[in-house]
Amino acid sequence: TSTSAAVPAEFAGRTALVTGAASGIGLEVARRLAAAGASVVVADFNEAGARDVARELTESGGRAAAVKVDVTDPESVREAVESAVRTYGALHLAVNNAGIAGASAPTGEYAVEDWRRVIDTNLNGVFYSLRYELPHLIAAGGGAVVNMSSILGANGFAGSPAYSAAKHAVVGLTKTAAVEYASRGVRVNAVAPGFIDTPLLKGDAAQREQLVALHPQGRLGTAEEVAELTLFLLSDRASFVNGSYHLVDGGYAA
Ligand code: NAI
(Lines give C-alpha, C1' and ligand atoms only; values in the text may rest on other atoms or scores of the structure.)
Protein backbone atom coordinates (compact mmCIF):
# COMPACT_ATOMS: atom_id res chain seq x y z
CA THR A 1 0.00 0.00 0.00
CA SER A 2 1.17 3.52 -0.71
CA THR A 3 1.03 6.24 1.88
CA SER A 4 0.20 9.68 0.56
CA ALA A 5 0.88 12.85 2.49
CA ALA A 6 -2.31 14.80 3.14
CA VAL A 7 -2.59 17.69 0.71
CA PRO A 8 -4.12 20.71 2.44
CA ALA A 9 -7.43 21.74 0.89
CA GLU A 10 -7.00 24.74 -1.39
CA PHE A 11 -9.39 27.05 0.49
CA ALA A 12 -8.74 25.81 4.04
CA GLY A 13 -8.91 28.65 6.54
CA ARG A 14 -10.81 30.93 4.14
CA THR A 15 -14.36 32.15 4.56
CA ALA A 16 -16.48 32.65 1.45
CA LEU A 17 -19.81 34.44 1.07
CA VAL A 18 -21.88 33.29 -1.92
CA THR A 19 -25.10 35.14 -2.74
CA GLY A 20 -27.81 33.28 -4.62
CA ALA A 21 -26.30 30.05 -3.30
CA ALA A 22 -29.60 28.19 -2.89
CA SER A 23 -29.82 27.34 -6.60
CA GLY A 24 -28.04 26.94 -9.92
CA ILE A 25 -24.57 28.44 -10.33
CA GLY A 26 -24.30 29.76 -6.76
CA LEU A 27 -25.19 26.34 -5.36
CA GLU A 28 -22.47 24.65 -7.42
CA VAL A 29 -19.91 27.29 -6.40
CA ALA A 30 -20.85 26.78 -2.73
CA ARG A 31 -20.50 22.99 -3.07
CA ARG A 32 -17.06 23.26 -4.62
CA LEU A 33 -15.81 25.83 -2.13
CA ALA A 34 -16.93 23.67 0.79
CA ALA A 35 -15.33 20.58 -0.75
CA ALA A 36 -12.09 22.55 -1.13
CA GLY A 37 -12.03 23.46 2.56
CA ALA A 38 -13.63 26.93 2.71
CA SER A 39 -16.12 27.94 5.36
CA VAL A 40 -19.10 28.86 3.18
CA VAL A 41 -21.84 31.35 3.98
CA VAL A 42 -24.81 30.31 1.86
CA ALA A 43 -26.72 33.57 1.33
CA ASP A 44 -30.04 33.66 -0.46
CA PHE A 45 -33.45 35.30 -0.51
CA ASN A 46 -34.80 31.75 -0.34
CA GLU A 47 -34.09 31.12 3.33
CA ALA A 48 -35.31 27.50 3.44
CA GLY A 49 -33.29 26.71 0.32
CA ALA A 50 -30.17 28.26 1.83
CA ARG A 51 -30.64 26.20 5.00
CA ASP A 52 -31.01 23.00 2.97
CA VAL A 53 -27.78 23.77 1.09
CA ALA A 54 -25.86 24.58 4.29
CA ARG A 55 -27.09 21.28 5.78
CA GLU A 56 -26.02 19.37 2.66
CA LEU A 57 -22.53 20.90 2.79
CA THR A 58 -22.15 20.20 6.49
CA GLU A 59 -23.33 16.61 6.10
CA SER A 60 -20.71 16.12 3.38
CA GLY A 61 -18.01 17.12 5.86
CA GLY A 62 -17.78 20.82 4.99
CA ARG A 63 -18.22 23.98 7.02
CA ALA A 64 -21.27 26.04 6.07
CA ALA A 65 -23.86 28.40 7.49
CA ALA A 66 -27.03 29.79 5.92
CA VAL A 67 -28.06 33.42 6.00
CA LYS A 68 -31.10 35.10 4.52
CA VAL A 69 -30.27 38.06 2.30
CA ASP A 70 -32.21 40.28 -0.07
CA VAL A 71 -29.50 41.84 -2.25
CA THR A 72 -31.86 44.66 -3.27
CA ASP A 73 -31.81 45.89 0.34
CA PRO A 74 -28.50 47.42 1.46
CA GLU A 75 -29.28 46.87 5.17
CA SER A 76 -29.97 43.20 4.53
CA VAL A 77 -26.67 42.86 2.66
CA ARG A 78 -24.78 44.62 5.46
CA GLU A 79 -26.31 42.27 8.03
CA ALA A 80 -25.48 39.17 5.94
CA VAL A 81 -21.85 40.23 5.54
CA GLU A 82 -21.56 41.00 9.25
CA SER A 83 -23.12 37.68 10.13
CA ALA A 84 -20.51 35.91 7.97
CA VAL A 85 -17.72 37.72 9.81
CA ARG A 86 -19.33 37.02 13.20
CA THR A 87 -19.70 33.32 12.41
CA TYR A 88 -16.26 32.62 10.99
CA GLY A 89 -14.13 35.55 12.20
CA ALA A 90 -13.19 37.06 8.82
CA LEU A 91 -14.18 37.28 5.16
CA HIS A 92 -11.69 36.33 2.43
CA LEU A 93 -13.79 35.46 -0.62
CA ALA A 94 -17.07 36.69 -2.11
CA VAL A 95 -19.16 35.53 -5.04
CA ASN A 96 -21.77 38.15 -5.88
CA ASN A 97 -24.01 35.90 -7.89
CA ALA A 98 -27.67 36.46 -6.94
CA GLY A 99 -29.62 37.51 -10.00
CA ILE A 100 -32.90 37.26 -11.85
CA ALA A 101 -33.77 36.96 -15.54
CA GLY A 102 -36.58 39.52 -15.40
CA ALA A 103 -39.40 40.11 -17.86
CA SER A 104 -38.89 39.76 -21.60
CA ALA A 105 -40.02 42.68 -23.79
CA PRO A 106 -38.42 45.04 -26.27
CA THR A 107 -36.96 48.25 -24.86
CA GLY A 108 -39.81 50.42 -26.20
CA GLU A 109 -42.32 48.28 -24.34
CA TYR A 110 -40.35 47.35 -21.23
CA ALA A 111 -42.35 48.04 -18.06
CA VAL A 112 -40.62 50.56 -15.82
CA GLU A 113 -41.32 48.40 -12.77
CA ASP A 114 -39.65 45.41 -14.45
CA TRP A 115 -36.65 47.57 -15.36
CA ARG A 116 -36.28 48.71 -11.75
CA ARG A 117 -36.55 45.18 -10.36
CA VAL A 118 -33.82 43.83 -12.65
CA ILE A 119 -31.45 46.77 -12.07
CA ASP A 120 -32.09 46.58 -8.33
CA THR A 121 -31.18 42.91 -8.17
CA ASN A 122 -28.53 42.41 -10.87
CA LEU A 123 -26.70 45.74 -10.57
CA ASN A 124 -27.52 47.45 -7.27
CA GLY A 125 -27.27 44.09 -5.50
CA VAL A 126 -23.69 43.67 -6.69
CA PHE A 127 -22.80 47.20 -5.59
CA TYR A 128 -24.32 46.72 -2.10
CA SER A 129 -22.44 43.44 -1.78
CA LEU A 130 -19.09 44.99 -2.74
CA ARG A 131 -19.84 48.00 -0.56
CA TYR A 132 -20.06 45.89 2.60
CA GLU A 133 -17.64 43.10 1.65
CA LEU A 134 -14.63 45.21 0.66
CA PRO A 135 -13.83 46.68 4.10
CA HIS A 136 -13.79 43.14 5.54
CA LEU A 137 -11.67 41.76 2.70
CA ILE A 138 -9.13 44.50 3.36
CA ALA A 139 -9.30 43.82 7.10
CA ALA A 140 -8.52 40.16 6.38
CA GLY A 141 -5.34 41.26 4.61
CA GLY A 142 -6.68 40.69 1.10
CA GLY A 143 -9.03 38.42 -0.78
CA ALA A 144 -10.81 37.75 -4.03
CA VAL A 145 -14.23 38.58 -5.46
CA VAL A 146 -16.12 37.19 -8.42
CA ASN A 147 -19.11 39.14 -9.71
CA MET A 148 -21.49 37.12 -11.87
CA SER A 149 -21.95 38.98 -15.14
CA SER A 150 -23.05 37.24 -18.35
CA ILE A 151 -22.37 36.95 -22.05
CA LEU A 152 -25.03 39.69 -22.06
CA GLY A 153 -22.49 41.85 -20.19
CA ALA A 154 -20.81 42.40 -23.57
CA ASN A 155 -23.61 41.63 -26.07
CA GLY A 156 -27.14 42.89 -26.53
CA PHE A 157 -30.08 40.49 -26.45
CA ALA A 158 -33.51 41.26 -27.86
CA GLY A 159 -36.09 41.36 -25.08
CA SER A 160 -33.59 41.78 -22.23
CA PRO A 161 -32.69 45.49 -22.07
CA ALA A 162 -32.50 45.70 -18.28
CA TYR A 163 -30.62 42.42 -17.88
CA SER A 164 -28.06 43.33 -20.52
CA ALA A 165 -27.63 46.85 -19.14
CA ALA A 166 -27.16 45.54 -15.60
CA LYS A 167 -24.67 42.87 -16.66
CA HIS A 168 -22.64 45.42 -18.69
CA ALA A 169 -22.61 47.72 -15.65
CA VAL A 170 -21.37 44.90 -13.43
CA VAL A 171 -18.30 44.73 -15.67
CA GLY A 172 -17.60 48.45 -15.14
CA LEU A 173 -18.06 48.07 -11.41
CA THR A 174 -15.74 45.05 -11.40
CA LYS A 175 -12.99 46.91 -13.25
CA THR A 176 -13.26 49.97 -11.01
CA ALA A 177 -13.16 48.02 -7.76
CA ALA A 178 -10.20 46.00 -9.08
CA VAL A 179 -8.24 49.17 -9.80
CA GLU A 180 -9.17 50.70 -6.46
CA TYR A 181 -8.30 47.72 -4.24
CA ALA A 182 -5.44 45.96 -6.05
CA SER A 183 -2.84 47.61 -3.82
CA ARG A 184 -4.62 46.17 -0.76
CA GLY A 185 -4.47 42.62 -2.01
CA VAL A 186 -8.07 42.31 -3.19
CA ARG A 187 -8.69 40.95 -6.70
CA VAL A 188 -12.08 41.50 -8.38
CA ASN A 189 -13.09 39.67 -11.56
CA ALA A 190 -16.28 39.10 -13.54
CA VAL A 191 -17.44 35.72 -14.84
CA ALA A 192 -19.52 35.81 -18.01
CA PRO A 193 -21.45 32.61 -18.64
CA GLY A 194 -23.26 31.82 -21.86
CA PHE A 195 -26.73 30.33 -21.34
CA ILE A 196 -26.52 27.82 -18.50
CA ASP A 197 -28.99 25.07 -17.70
CA THR A 198 -30.37 26.29 -14.35
CA PRO A 199 -33.84 27.14 -12.97
CA LEU A 200 -33.22 30.75 -14.17
CA LEU A 201 -33.93 29.70 -17.76
CA LYS A 202 -37.62 29.60 -18.46
CA GLY A 203 -39.31 28.97 -21.79
CA ASP A 204 -40.56 26.06 -23.85
CA ALA A 205 -38.57 23.51 -25.86
CA ALA A 206 -38.52 25.72 -28.98
CA GLN A 207 -37.13 28.70 -27.05
CA ARG A 208 -34.55 26.43 -25.49
CA GLU A 209 -33.43 25.21 -28.91
CA GLN A 210 -32.98 28.85 -30.00
CA LEU A 211 -30.68 29.39 -27.03
CA VAL A 212 -28.75 26.18 -27.71
CA ALA A 213 -28.17 27.33 -31.30
CA LEU A 214 -26.28 30.41 -30.05
CA HIS A 215 -23.50 28.18 -28.71
CA PRO A 216 -21.14 26.58 -31.26
CA GLN A 217 -20.72 23.64 -28.88
CA GLY A 218 -24.38 22.82 -29.55
CA ARG A 219 -25.60 22.76 -25.97
CA LEU A 220 -26.19 24.92 -22.91
CA GLY A 221 -23.50 25.15 -20.26
CA THR A 222 -23.72 23.57 -16.81
CA ALA A 223 -23.48 25.23 -13.41
CA GLU A 224 -20.45 23.00 -12.76
CA GLU A 225 -18.62 24.52 -15.73
CA VAL A 226 -19.24 28.04 -14.42
CA ALA A 227 -18.18 27.03 -10.91
CA GLU A 228 -14.91 25.65 -12.26
CA LEU A 229 -13.86 29.04 -13.67
CA THR A 230 -15.18 30.85 -10.60
CA LEU A 231 -13.09 28.74 -8.24
CA PHE A 232 -10.00 29.29 -10.33
CA LEU A 233 -10.49 33.07 -10.14
CA LEU A 234 -11.01 32.91 -6.37
CA SER A 235 -7.88 30.82 -5.88
CA ASP A 236 -4.26 31.85 -5.49
CA ARG A 237 -3.63 30.14 -8.84
CA ALA A 238 -5.17 33.31 -10.32
CA SER A 239 -2.93 35.63 -8.31
CA PHE A 240 -2.20 37.96 -11.28
CA VAL A 241 -5.70 37.82 -12.81
CA ASN A 242 -7.53 41.00 -11.90
CA GLY A 243 -10.25 43.34 -13.15
CA SER A 244 -11.21 41.29 -16.17
CA TYR A 245 -14.19 39.71 -17.86
CA HIS A 246 -13.95 35.92 -18.20
CA LEU A 247 -16.20 34.10 -20.65
CA VAL A 248 -17.42 30.56 -20.11
CA ASP A 249 -19.76 30.41 -23.06
CA GLY A 250 -19.22 27.36 -25.28
CA GLY A 251 -17.97 29.64 -28.06
CA TYR A 252 -20.98 32.03 -28.11
CA ALA A 253 -18.82 35.17 -28.37
CA ALA A 254 -16.29 33.71 -30.80
P1 NAI B 1 -31.00 30.59 -10.30
O2 NAI B 1 -32.33 31.17 -10.49
O3 NAI B 1 -30.82 29.12 -10.39
O4 NAI B 1 -30.37 31.07 -8.91
C5 NAI B 1 -30.41 32.41 -8.51
C6 NAI B 1 -30.49 32.47 -7.00
O7 NAI B 1 -30.48 33.86 -6.63
C8 NAI B 1 -31.78 31.87 -6.44
O9 NAI B 1 -31.49 30.96 -5.39
C10 NAI B 1 -32.56 33.08 -5.94
O11 NAI B 1 -33.36 32.80 -4.78
C12 NAI B 1 -31.44 34.05 -5.61
N13 NAI B 1 -31.91 35.43 -5.62
C14 NAI B 1 -32.68 36.05 -6.55
N15 NAI B 1 -32.95 37.30 -6.18
C16 NAI B 1 -32.33 37.49 -4.98
C17 NAI B 1 -32.25 38.58 -4.08
N18 NAI B 1 -32.87 39.74 -4.31
N19 NAI B 1 -31.50 38.43 -2.96
C20 NAI B 1 -30.88 37.25 -2.70
N21 NAI B 1 -30.95 36.17 -3.50
C22 NAI B 1 -31.67 36.30 -4.63
O23 NAI B 1 -30.07 31.33 -11.38
P24 NAI B 1 -28.60 31.02 -11.96
O25 NAI B 1 -28.76 30.66 -13.36
O26 NAI B 1 -27.84 30.16 -11.05
O27 NAI B 1 -28.01 32.50 -11.93
C28 NAI B 1 -26.97 32.92 -11.06
C29 NAI B 1 -26.31 34.15 -11.66
O30 NAI B 1 -25.73 33.80 -12.92
C31 NAI B 1 -27.27 35.31 -11.93
O32 NAI B 1 -26.63 36.52 -11.63
C33 NAI B 1 -27.51 35.19 -13.43
O34 NAI B 1 -27.85 36.43 -14.00
C35 NAI B 1 -26.15 34.72 -13.90
N36 NAI B 1 -26.16 34.10 -15.20
C37 NAI B 1 -26.99 33.03 -15.46
C38 NAI B 1 -27.04 32.50 -16.74
C39 NAI B 1 -27.95 31.38 -17.11
O40 NAI B 1 -28.13 31.15 -18.32
N41 NAI B 1 -28.52 30.62 -16.17
C42 NAI B 1 -26.19 33.05 -17.82
C43 NAI B 1 -25.34 34.13 -17.42
C44 NAI B 1 -25.35 34.64 -16.15
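- In the nomenclature of an unreviewed UniProt entry, the chain corresponds to Short-chain dehydrogenase from the organism Streptomyces alfalfae.

**As for the overall build of the chain**
Next, step 1: When its secondary structure is counted, the chain shows 7 helices and 7 strands.
Next, step 2: A compact globule built from 254 residues should have a C-alpha radius of gyration of about 18 Å, and the chain, at 18 Å, falls within 12% of that.
Next, step 3: Relative to its full complement of 254 residues, the chain shows a buried share of 44%.
Next, step 4: For the chain, contacts bridging at least 24 residues in sequence account for 72% of all contacts bridging at least 6.

**Points about the nonpolar core**
Next, step 1: Of all hydrophobic cores here, the largest spans 72 residues; its most connected members are Val18, Ala30, Val40 and Val42.
Next, step 2: Per-element accounting of this core gives the leading share, 8 residues, to helix H4 (residues 112–139).
Next, step 3: When residues no more than four places from it in sequence are discounted, the contact partners of Val40 are Ala16, Val18, Ala30, Leu33, Ala34, Leu57, Gly62, Arg63 and Ala64.

**Details of helix H2 (residues 47–59)**
Helical geometry note: an α-helix holds 3.6 residues per turn, so side chains three or four residues apart project in the same direction.
Next, step 1: The end-to-end C-alpha separation of H2 is 18 Å, in line with the 18 Å expected for 13 residues at 1.5 Å each.
Next, step 2: Of all the positions in H2, only Ala50, Val53, Ala54 and Leu57 are classed as buried. The buried side chains of H2 occupy one side of the element, clustering within an arc of 100° when seen end-on. Summarising the geometry of H2, the exposed residues directed more than 90 degrees from the buried face are Ala48 and Glu59.
Next, step 3: Buried residues in H2 make contact with helix H1 (24–35), strand S2 (39–44) and strand S3 (63–68).
Next, step 4: Residue Gly61 follows H2 closely and has a positive phi angle near 95°.

Reading the values: rules and limits
Residues numbered from 1 in each chain as written. Predicted model: local features only at pLDDT ≥ 70, side-chain atom pairs only at ≥ 80, totals over all residues. Helix = DSSP H or I, 4+ residues; strand = E, 2+ residues; numbered from the N terminus. Rg over C-alpha atoms; globule rule 2.2 N^0.38 Å. Buried ≥ 20, exposed ≤ 12 C-beta atoms within 10 Å, placed from the backbone. Contact = placed C-beta atoms within 7 Å. Core = buried A, V, L, I, M, F, W, Y, C linked by C-beta atoms within 7 Å. Expected span 1.5 Å × (residues − 1). Arc of directions from axis to C-beta.

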